[in-house]
Amino acid sequence: MADIILVVVEQREGKLNRVSWETITGAQAIAAETGWTLEAAVVGSGVGDIAKEVAGKKVSKVYALESAKLEPYTPDGFMAALKPFIEQKQPKLVLMPHTYQVRDFAPKLAAGLDRALISDAVGYKYEGGNLRFTRQMFQGKFAADVSFVGGPPYFATFQNGAFRGDQVVQGDAAAPVETVNVDVAEGLVRNRPEAPFVEAKQAVDLTQAEIIVAVGRGIKEQKNIEIAKQLAEALGGEIAASRPICDAGWLPMDRQVGSSGQTVAPKLYLALGISGAIQHVVGMKGARTIIAINKDAEAPIFEIADVAVVGNLFDIVPPLIEEVKKAKGA
Amino acid sequence: MSGYIRIGDSRFETHITRPFPILPPLIYTCRFHGMRSKRSVKCKEPLVKILVCMKQVPQKDAPLKLNEGGTWIREDVSYEVNEPDAYALEEALRQREKHGGEVVVITSGPARAQQVLREALAKGADRAIHLEGDGFVTLDAFNTAKAFATAIKDESFDLIFTGLQSDDYGFAQTGVILAALLGWPHATIIMQIEKSDSGIRVKRELEAGFFQFVDMPLPALLTIQSGINKLRYATLIGIKQAKNKPLKKVSFDEVKLTLGENLQKIEKLYIPQKTKKTEVLEGPPGEIAKKLVDKLRNELRVI
Ligand SMILES: Cc1cc2nc3c(=O)[nH]c(=O)nc-3n(C[C@H](O)[C@H](O)[C@H](O)COP(=O)(O)OP(=O)(O)OC[C@H]3O[C@@H](n4cnc5c(N)ncnc54)[C@H](O)[C@@H]3O)c2cc1C
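Keep in mind that this is a model prediction, so the values were computed, not measured.

(A) Representation of the overall build of chain B. In terms of regular secondary structure, chain B is built from seven helices and 15 strands. Sequence-distant contacts, at least 24 apart, represent 70% of the contacts inside chain B between residues at least 6 apart. If you sum the accessible surface of chain B, you get close to 13,700 Å²; carbon and sulfur atoms cover 53% of it.

Have a look at this one:
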């Protein structure tokens with residue numbers, strides 16, 4: 001029997017989370033290189049349509065793991081669905097997107113099967129029959145090639161943006177869909193989640209901004225936010241921030257850019273003293289031009305910057321404000 | 001106590017739940033800590049015993065260098081507490097202030113990691129456990145969770161808090177696996193914790209500005225997100241008192257037998273390859289400012 005790669009796609013409230021396509025793209029690439037068979041699974045209640053949607057891609061089979069008790073999502077419910085399924089199917093590799101939901105259950109699932117989970121991988125390498133996953137370490141300052149020890153199943157999750165969801169390969173014909181009715185024992189699910197909600201309405205919509213000046217912890221003190229505001233004002237742009245700045249209350253939450261804040265795509269994103277952690281980068285990498293000022297030449301933000309200024313922001317920003325004003329006045 | 005499953009047991013289906021007041025919900029004596037530790041006061045609130053898992057990681061601004069083998073960083077850097085763990089500790093202290101009880105902190109790592117525990121004791125934690133040894137540094141999340149589970153097997157906590165992930169490995173797994181090993185329910189990326197009739201009600205952060213409340217029974221494990229509260233500083237009195245608070249050491253040998261082989265291995269650590277062409281601007285600040293404005297005006301046409 002051929003080795004199987006199983007992708008567990010993510011659905012929330014009956015909709016496929018698009019980031020699942022990225023995982024399938026990655027899995028298709030691994031399948032092409034290794035010759036392993038690619039299958040997918042979706043877990044929930046009434047997920048037949050999602051399974052069909054996935055079956056349109058180049059996969060050999062899609063399983064719909066069904067039970068009314070799988071909605072809403074709980075880690076206990078997903079464990080009850082996936083653990084016996086994986087024990088029975090014995091896939092070689094189980095791949096998932098590194099979403100908040102997957103972070104919530106995947107470590108429990110892998111540990112429950114006594115196996116390792118390589119979390120938040122940004123890519124893979126297949127050389128000489130060895131499969132390794134690349135992941136970021138030290139907040140993106142280093143990358144590591146990580147291999148599995150012991151036998152399968154091997155679990156890995158892919159970081160948002162690791163592969164391109166729009167490059168997922170379509171199938172020649174729809175793959176078969178098999179429904180697996182899951183038995184979730186009474187009383188097994190302990191958490192009782194309520195419906196997701198958004199906190200008070202955002203007062204600022206950064207998604208429409210053409211120019212964004214964003215500050216990070218490099219700004220050091222609350223009072224220094226002022227110079228960033230002056231620069232934003234001179235440029236006619238909006239001020240934004242990384243999470244620690246909003247956590248500290250130096251700027252309101254609705255100024256936060258990143259995975260737990262807003263996702264922006266301005267013409268210009270000027271990052272001042274931001275290191276470039278992935279959770280920030282996912283929120284701004286769509287900017288047309290990224291200019292980063294950071295005193296650390298190795299800061300991960302420079303990997304995605306179009307223009308890198310290595311230096312002290314407190315030396316560079318004041319003359320920059322003056323030059324911008326001059327240019328605008330001229 | 002009977003609430004623990006055998007370490008390494010992979011069934012994880014054991015469900016032991018306790019209602020919030022672990023002691024009978026009568027009026028009983030609760031000990032307060034620190035300055036008032038010799039005094040007893042009557043209080044109606046239930047006591048809650050919380051363990052906080054904390055990790056020492058390289059300081060955010062520390063310039064990191066690879067070791068010769070390219071397998072790990074050179075250890076001659078400055079360290080600090082992993083940021084979300086600091087928030088986890090703060091949350092535990094606040095819960096204790098509300099409900100009474102005890103806050104215990106635990107870490108694993110070489111002698112230097114004791115600093116994290118000392119700081120936590122100075123901020124108000126009651127006692128500390130240090131799994132001390134170089135061997136702990138290279139453990140994967142599964143083994144670290146096993147080591148913690150072993151070290152606390154004779155304790156009975158109501159809540160365990162961990163940071164949601166560490167700034168070094170960034171596994172985001174240790175807490176969840178620890179909950180699984182103990183047979184406890186867990187919830188991740190927590191931004192608020194309240195007591196409820198049947199246990200606790202927590203606010204989970206979801207992606208893109210969404211949140212969700214979850215009711216769960218105790219005991220439970222929560223992974224805490226940065227920003228859940230405002231951090232306190234240690235006071236001078238706190239720092240003084242910390243010296244007399246109990247700090248238990250557990251050696252690598254004491255937990256070794258409950259650990260397995262690491263099931264994932266770092267083959268190589270390296271500086272990531274750049275994927276984008278980046279133009280580097282250099283020179284004195286005034287000159288850089290001019291170059292930038294020239295670019296903004298003539299290339300990007302935003303001014
Ligand atoms: C689940 C989860 C969700 C998250 N969501 C978000 C999110 O939505 N948005 C977000 O931003 N983060 C988020 N984070 C946090 C993220 O991981 C990082 O911790 C955060 O982005 C770091 O912010 P920073 O770059 O401002 O600070 P740091 O990482 O501390 O970087 C500060 C930078 O400033 C530079 N610097 C210091 N002084 C100067 C100076 N004088 N001049 C120039 N440069 C200087 C330093 O070299 C450093 O690179 C999330 C984390 C998790 C785990």
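(B) Expanded view of the overall build of chain A. Secondary structure summary: chain A contains nine helices and 18 strands in total. By principal-axis analysis of the C-alpha atoms, chain A measures approximately 70 × 50 × 35 Å. Going through the 330 residues of chain A one by one, you find that 61% of them count as buried. Of all intrachain contacts in chain A linking residues separated by at least 6 positions in sequence, the fraction that spans at least 24 positions is 64%.

(C) Seen up close, the site of the ligand. Within the structure, the ligand sits among 33 residues, and Ser242, Ser260, Ser275, Gln279 and Asn294 of chain A are positioned closest to it. Residues within reach of the ligand are spread across chains A and B. One nitrogen or oxygen atom from the side chain of lysine 220 of chain A is found 2.9 Å from a nitrogen atom belonging to the ligand. Glutamine 279 of chain A has a polar side-chain atom sitting 2.7 Å from an oxygen atom of the ligand. Those elements that place two or more of their residues in the shell around the ligand are helix H6 (243-247), helix H7 (278-281) and helix H9 (313-329) of chain A. In terms of residue class, the shell around the ligand is made up of eight nonpolar, 18 polar and seven charged.

(D) Examining the packing of aromatic side chains more closely. Residue and element names in this part refer to chain A. This model, assessed by the stated rule, comprises 17 aromatic pairs over all chains. Ring centres 4.8 Å apart and planes at 80° place the aromatic pair tyrosine 73 and phenylalanine 78 in the edge-to-face group. Note on accessibility: tyrosine 73 and phenylalanine 78 belong to one class, buried. Considering the side-chain rings of tyrosine 73 and phenylalanine 105, the 6.1 Å spacing of their centres and the 50° angle between planes classify their relative orientation as tilted. Linking tyrosine 73 in the loop between strand E5 (61-66) and helix H3 (75-89) with phenylalanine 105 in helix H4 (residues 100-112), this pair joins segments that are 32 residues apart in sequence. Overall, phenylalanine 105 belongs to the buried group, its relative accessible area being 3%.

(E) Quick peek at the interface of chain B and chain A. Facing 93 residues of chain B, the contacting portion of chain A comprises 86 residues. Buried surface at the junction of chain B and chain A, both sides included, amounts to about 7,900 Å², of which 56% is carbon and sulfur. Looking only at chain B, the three residues that lose the most surface to chain A are Glu207, Leu263 and Tyr270 of chain B, adding up to 8% of its buried area. Summed over the shared surface of chain B and chain A, the result is nine salt bridges. Across the pair arginine 201 of chain B and glutamate 194 of chain A runs a salt bridge, and its minimum N-O distance is 3.0 Å. Across the chain B-chain A interface, the total number found is 47 residue pairs in polar contact (both at pLDDT 80 or more). When residues of the side of chain B that touches chain A are assigned to their parent elements, the largest contribution, ten residues, is made by helix H7 (residues 285-299) of chain B. Judged from the three bridges that link them, strand E18 (residues 307-310) of chain A and strand E15 (residues 279-281) of chain B form a sheet pairing that is parallel.

(F) Spatial organisation of the packing of helix H3 (residues 141-151) of chain B against helix H4 (residues 174-182) of chain B. All names here are of chain B. Taken N-terminus to C-terminus, the directions of H3 and H4 make an angle of 50°; their axes are 8 Å apart at the nearest point. The angle between H3 and H4 falls in the class oblique. For the pair H3 and H4, the sense of crossing is right-handed. Contacts from Ala141, Phe142, Thr144, Ala145, Lys146, Phe148 and Ala149 in H3 reach Thr174, Ile177, Leu178, Leu181 and Leu182 in H4. Partitioning the contact of H3 with H4 into residue classes produces nine nonpolar, two polar and one charged.

(G) Geometry of the confidence of the model for chain B. All names here are of chain B. In this model, chain B carries a mean pLDDT of 87, and residues with pLDDT of at least 70 account for 85%. Considering only residues more than four positions removed or in separate chains, one finds that residues 1-45, a stretch of pLDDT under 50, has 95 contacts. Interface confidence in the predicted complex, given as ipTM, is 0.94; pTM for the same model is 0.91.

(H) Representation of the sheet that holds strand E14 (residues 264-270) of chain B within the structure. Strand order in the open sheet made by the ten strands is E11(A)-E5(A)-E4(A)-E1(A)-E6(A)-E10(A)-E7(A)-E8(A)-E9(A)-E14(B), with mixed pairing throughout. The sheet is open, and its two borders are formed by strand E11 (177-181) of chain A together with E14 of chain B, each paired with just one other strand. Each neighbouring strand pair of the sheet contributes to a mean axis angle of 35°, computed without reference to strand direction. Where strand E8 (residues 130-137) of chain A and strand E9 (residues 142-148) of chain A come together, six bridges link them in antiparallel fashion. Directly across from threonine 134 of chain A, in E9 of chain A, lies its bridge partner aspartate 145 of chain A. The strands touched by helix H2 (residues 48-55) of chain A are strand E4 (37-44), E5 and E11 of chain A; relative to E5 of chain A, the strand with the most contacts, the crossing angle is about 165°. Strands strand E6 (93-97), strand E7 (117-127) and strand E10 (154-158) of chain A of the sheet are contacted by H4 of chain A, whose axis makes an angle of about 165° with E6 of chain A.

(I) Local environment of H4 of chain A. All names here are of chain A. Look at H4: 19 Å from first C-alpha to last across 13 residues, which is about the 18 Å you get at 1.5 Å a residue. For H4, the principal kink sits at alanine 106 and spans about 30°; a proline, proline 107, occurs within the next four residues. For H4, the tally of buried residues reaches 13 of 13 residues, placing the bulk of the element in the interior. Among the residues trailing H4, aspartate 114 stands out with phi positive, at a value near 65°.

(J) Region of the structure containing the nonpolar core. Core analysis: the biggest nonpolar cluster contains 81 residues, and Leu95 and Phe133 of chain A together with Ile160 of chain B have the highest contact counts within it. Per element, the largest residue contribution to this core is seven residues, and it comes from H3 of chain B.

The rules behind the values
- Residues numbered from 1 in each chain as written.
- Chains lettered and ligands numbered in written order.
- Predicted model: local features only at pLDDT ≥ 70, side-chain atom pairs only at ≥ 80, totals over all residues.
- Heavy atoms only, no water.
- Helix = DSSP H or I, 4+ residues; strand = E, 2+ residues; numbered from the N terminus.
- Contact = heavy atoms within 4.5 Å.
- Areas by Shrake-Rupley, 256 points an atom, 1.4 Å probe, with all protein chains shown as cover.
- Buried < 20%, exposed > 50% of the residue type's maximum accessible area, 1.4 Å probe, protein only.
- Near = heavy atom within 4 Å.
- Polar contact = N/O pair within 3.5 Å; in protein donor to acceptor, adjacent residues only side chain to side chain.
- Nonpolar A, V, L, I, M, F, W, Y, C, P; charged D, E, K, R; others polar.
- Phe/Tyr/Trp six-rings, centres within 6.5 Å; stacked < 30°, edge-to-face > 60°.
- Buried area = accessible area lost by both parts, 1.4 Å probe.
- Salt bridge = Lys/Arg side-chain N within 4 Å of Asp/Glu carboxyl O.
- Pairing = 2+ DSSP bridges.
- Axes fitted to C-alpha atoms, helices over the stretch in contact; angles between N-to-C directions.
- Parallel < 35°, antiparallel > 145°, perpendicular 65-115°, else oblique.
- Left-handed = near helix turned anticlockwise from the far one by under 90°.
- pLDDT = per-residue confidence, 0-100.
- Expected span 1.5 Å × (residues − 1).
- Bend = angle between axes of the 7 residues up to and from the residue.
- Core = buried A, V, L, I, M, F, W, Y, C linked by side-chain atoms within 4.5 Å.

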